[in-house]
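# Per-entry structural report
So you can see what is in the structure, the chains are spelled out below.
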Amino acid sequence: MNRLAALEAAMGRAAPVLEPGHVWLAGAGPGDPGMLTLDVLAGLAQAEVVVHDDLVDPRILAMAPATAELRFVGKRGGRPSTPQAAILGLLAELALAGRRVLRLKGGDPFVFGRGGEEALALAAAGIPHRILPGLTAGLAGLAAAGIPATHRGVNQAVVLATGHAAEGAEDALDWTALARLGQPLLLYMAMRRLEAVTAALLRGGLPPGTPVAVVTEATRPGQRKLVSTLAEVAEAVRGAGLDAPAIIAIGGIVGVLGGSGR
Ligand SMILES: C[S@@+](CC[C@H](N)C(=O)[O-])C[C@H]1O[C@@H](n2cnc3c(N)ncnc32)[C@H](O)[C@@H]1O
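Along every chain, residues carry numbers that run from 1 in the direction the sequence is written. The model is predicted, so local features are restricted to residues of pLDDT at least 70 and side-chain atom pairs to those at 80 or more, both for listing and for counting; the totals for chains, interfaces and linings are taken over all residues. The basis for every side-chain value is the complete set of heavy atoms in the structure, and neither hydrogens nor water enter the calculation.

### A word on the overall build of the protein chain
Helix and strand counts for the protein chain stand at nine helices and 10 strands. Atoms considered for the radius of gyration are the C-alpha atoms alone. The globule rule reads 2.2 Å times the number of residues to the power 0.38. Computed over C-alpha atoms, the radius of gyration of the protein chain comes to 20 Å, within 12% of the 18 Å expected from 2.2 N^0.38 for 262 residues, which places it in the range of a compact globule. Principal-axis analysis of the C-alpha atoms places the extent of the protein chain at approximately 55 × 40 × 35 Å. The rule is simple: take the accessible area with a 1.4 Å probe, protein chains only, and divide by the maximum for that residue type; under 20% is buried, over 50% is exposed, in between is partly exposed. For the protein chain, with 262 residues in total, the buried portion stands at 45%. Whether two residues are in contact is decided by their heavy atoms: any pair within 4.5 Å suffices. In the protein chain, the share of contacts with a sequence separation of at least 24, taken over all contacts with a separation of at least 6, comes to 71%. Residue-level accessible areas treat just the shown protein chains as cover; the underlying method is Shrake-Rupley with a 1.4 Å probe. Total accessible area computed for the protein chain in this model is approximately 12,300 Å², and 56% of it derives from carbon and sulfur atoms. Here the positive residues are Lys and Arg and the negative ones are Asp and Glu; neither His nor the chain ends is included. To locate a charge, take NZ of a lysine, CZ of an arginine, CG of an aspartate or CD of a glutamate. Looking at charge distribution, the protein chain has the averaged site of its 23 positive side-chain charges lying 3 Å from that of its 22 negative ones. Helix and strand labels come from DSSP, where a helix needs a run of H or I of at least four residues and a strand needs a run of E of at least two; each type is numbered from the N terminus.

### Side note on the site of the ligand
We define proximity as follows: a residue is near a molecule or strand when any one of its heavy atoms falls within 4 Å of that partner. Neighbouring the ligand are 18 residues; Pro30, Val111, Thr136, Ala218 and Ala246 lie closest to it. Computed on the free molecule, the ligand has an accessible area of 570 Å², of which 90% lies beneath the protein chains in the complex. In terms of residue class, the shell around the ligand is built from 12 nonpolar, three polar and three charged. Counting the residues that make up the shell around the ligand, at least three belong to each of domain 1 (3-135) and domain 2 (138-255). Charged means Asp, Glu, Lys or Arg here, nonpolar means Ala, Val, Leu, Ile, Met, Phe, Trp, Tyr, Cys or Pro, and polar covers whatever is left, Gly included. Each domain's limits were defined by an automated method or a database of domain assignments.

### With respect to helix α1 (residues 3-11)
Residue pairs three or four apart in sequence face the same way in an α-helix, which turns once every 3.6 residues. By the N-cap criterion, in which a side-chain oxygen at the helix start approaches the backbone nitrogen of a residue two or three places on, α1 is capped by Asn2, the distance to Leu4 being 3.1 Å. Looking at the residues trailing α1, positive phi occurs at Gly12, about 70°. Whenever two N or O atoms come within 3.5 Å, that pair is a polar contact, provided that in protein one can donate a hydrogen and the other can accept it, and provided that, for residues adjacent in sequence, both atoms are side-chain atoms.

### What about the sheet that holds strand β5 (residues 129-132)?
Pairing between sheet strands relies on hydrogen bonds along the backbone, with the strands arranged either parallel or antiparallel. The five strands lie next to each other as β3-β2-β4-β1-β5, forming an open sheet whose pairing is parallel. Of all strands in the sheet, those bounded by a partner on one side alone are β3 (69-72) and β5. For this sheet, the mean inter-axis angle between neighbouring strands, taken without regard to orientation, is 20°. Note: two strands are recorded as paired if DSSP finds a minimum of 2 bridges between them. Direction of pairing for strand β1 (residues 23-27) relative to strand β4 (residues 101-105): parallel, over a ladder of five bridges. Opposite Ala26, over in β4, you have Leu104 as the bridge partner. Axes here refer to lines fitted to C-alpha atoms; in helices the fit is confined to the stretch in contact. Angles between the N-to-C directions go from 0 to 180 degrees. Across the sheet, helix α2 (residues 38-46) lies against β1, β2 (49-52), β4 and β5, angled at about 135° from β1, the strand it touches most.

### Description of the packing of α1 against α2
Taken N-terminus to C-terminus, the directions of α1 and α2 make an angle of 165°; their axes are 10 Å apart at the nearest point. The angle between α1 and α2 falls in the class roughly antiparallel. Both α1 and α2 take part in a crossing whose hand is left-handed. Packed against α1, whose contacting residues are Arg3, Leu4, Leu7 and Met11, the element α2 presents Leu38, Asp39, Leu41, Ala42, Ala45 and Gln46 at the interface. Of the residues that constitute the contact of α1 with α2, the class distribution is seven nonpolar, one polar and two charged. Roughly parallel here means an angle under 35 degrees, roughly antiparallel means over 145, roughly perpendicular means 65 to 115, and every remaining angle is called oblique. Crossing handedness follows the turn of the near helix against the far one: under a right angle anticlockwise gives a left-handed crossing, and clockwise gives a right-handed one.

### Focus on the domain arrangement of the protein chain
Accessible area lost when the parts come together is the quantity often used to give the size of an interface. Annotation of the protein chain at the domain level lists domain 1 (3-135) and domain 2 (138-255). Listed by partner, the interface residues are 10 residues for domain 1 and 13 residues for domain 2. When the two sides are added together, the surface that domain 1 and domain 2 hide from each other amounts to roughly 860 Å², 67% of it contributed by carbon and sulfur. When two parts are brought into contact, each loses some accessible area as probed by a 1.4 Å sphere; the total of that loss over both is the buried area. Its largest share of buried area at the contact with domain 2, domain 1 owes to Pro30, Leu55 and Phe112, together 54% of the area lost on that side.

### Here we look at the packing of aromatic side chains
Working definition: a ring pair exists when centres of Phe, Tyr or Trp rings (six-membered ring for Trp) sit within 6.5 Å. Plane angles under 30 degrees give stacked, over 60 give edge-to-face, the rest tilted. All chains considered together, the criterion is met by one aromatic pair. One residue, Arg130, lies across the ring of Trp24, its end atom 5.8 Å from the ring centre. Cation placement over rings: the criterion is NZ of Lys or CZ of Arg within 6 Å of the ring centroid and within 35° of the ring normal.

### Some remarks on the sheet that holds strand β6 (residues 159-162)
Strand order across the open sheet formed by five strands is β6-β7-β10-β8-β9, with mixed pairing between neighbours. Unpaired on one side and paired on the other, β6 and β9 (224-229) mark the two borders of the sheet. The mean inter-strand angle of the sheet, taken between neighbouring strand axes irrespective of direction, is 20°. Against the sheet, helix α6 (residues 137-144) makes contact with β6, β7 (185-188), β8 (211-216) and β10 (246-250), and its axis sits at roughly 110° relative to β7, the strand it touches most. Helix-sheet contacts for helix α9 (residues 233-240) involve β8 and β9, and the interaxial angle to β9 is about 145°.

### Some thoughts on the nonpolar core
Ranked by internal contacts, the top residues of the largest apolar core, which has 25 residues, are Leu187, Leu201, Val214, Val237, Ile248 and Ile250. The residues touching Val214, leaving out its near neighbours within four places in the chain, are Met191, Arg224, Lys225, Leu226, Val233, Val237, Leu242, Ala246, Ile247 and Ile248. Residues grouped as a nonpolar core are buried Ala, Val, Leu, Ile, Met, Phe, Trp, Tyr and Cys residues, joined through side-chain atoms within 4.5 Å. Within the second largest apolar cluster, 21 residues are counted, among which are Ala28, Leu36, Leu44 and Leu102.

See the structure below:
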C-alpha cells in the first residue's frame, strides 16, 4: 500500500487531492513529525514542490517524496528572511506553471505566520488554494512541555501575543493593558526583547514573582525548558544561553503540572 492509501485507510475517508496548479498553505506544527496532521502528510505525499520556511523541522521535510523539489524561503545564518513579495511571486509562478505546491510553515499558517497574506495574494491572482491548519507552537509546544494553556481555577482566558514589535512602534502592544488583564500571556518571537517586555509588564503592575516558563525548540530533540519569575527571567535566559525559537508563558498556568512534560 502506498503512503496515500495508508493514510486514507487510517482516516476512513479519501485524502484531499493536490491538483496541478494548486497551492496548499499548510502548517507543519512545532517540530515533532508526530504533530503533523494527516491532511498535511497527504499534502507532503503529493507535493511536487515544497516551499518552506526555517521553522519546518528537517525530519518533516525528509518525509516529502524524493522527487519533490524543496524551496527554502526562510532566514538562515542570521541573513534576513526572503521578502514576502518574493515568496508570493514564487508561489504564483510555480502554480501558474502547473506544479502541485505545498507551502509549508512552522506551527499554524494563520498564527503569526503571515498565512493570511499569502491566502489573499493567491485569491487575488486567481490561484486555487486550500488552507491546512497546523498545531501552533504556543499551544502544542507548551502542552508537550507540561504547561496547559488553560487550567480550571487558574485562568479563564489566554492571550497569544508577539513580543516582536519594539515599544513605540506603530504596532506595539499595550503591555500595561495586558498586565492588568490578569490572564496568562503566551509570547511568540519575544526572546530578543525579553528584557523590555518583562520590564513593561512589571511597570504595568504584574507582580515580580509571576511564574514564567521559556520553552525553546519545543517538541524537537534540543528542547529546553527554563522556569523563573517575571523579575528574573531575562537574566536567567542569558545565563542559560537560551535562544530562539522559544515560546514564553507568563502566569499561573506555568507551575500547575509541576514537572510534567519533557
Ligand atoms: C514567525 S512565528 C511562527 C509561529 C507559527 N506559525 C506557529 O503557529 O507556531 C515564529 C515564532 O514561533 C515560535 N515557535 C515556533 N516553533 C517553535 C518551537 N518548536 N519551539 C518554540 N517556539 C517556537 C517562536 O516564538 C518563534 O520565534
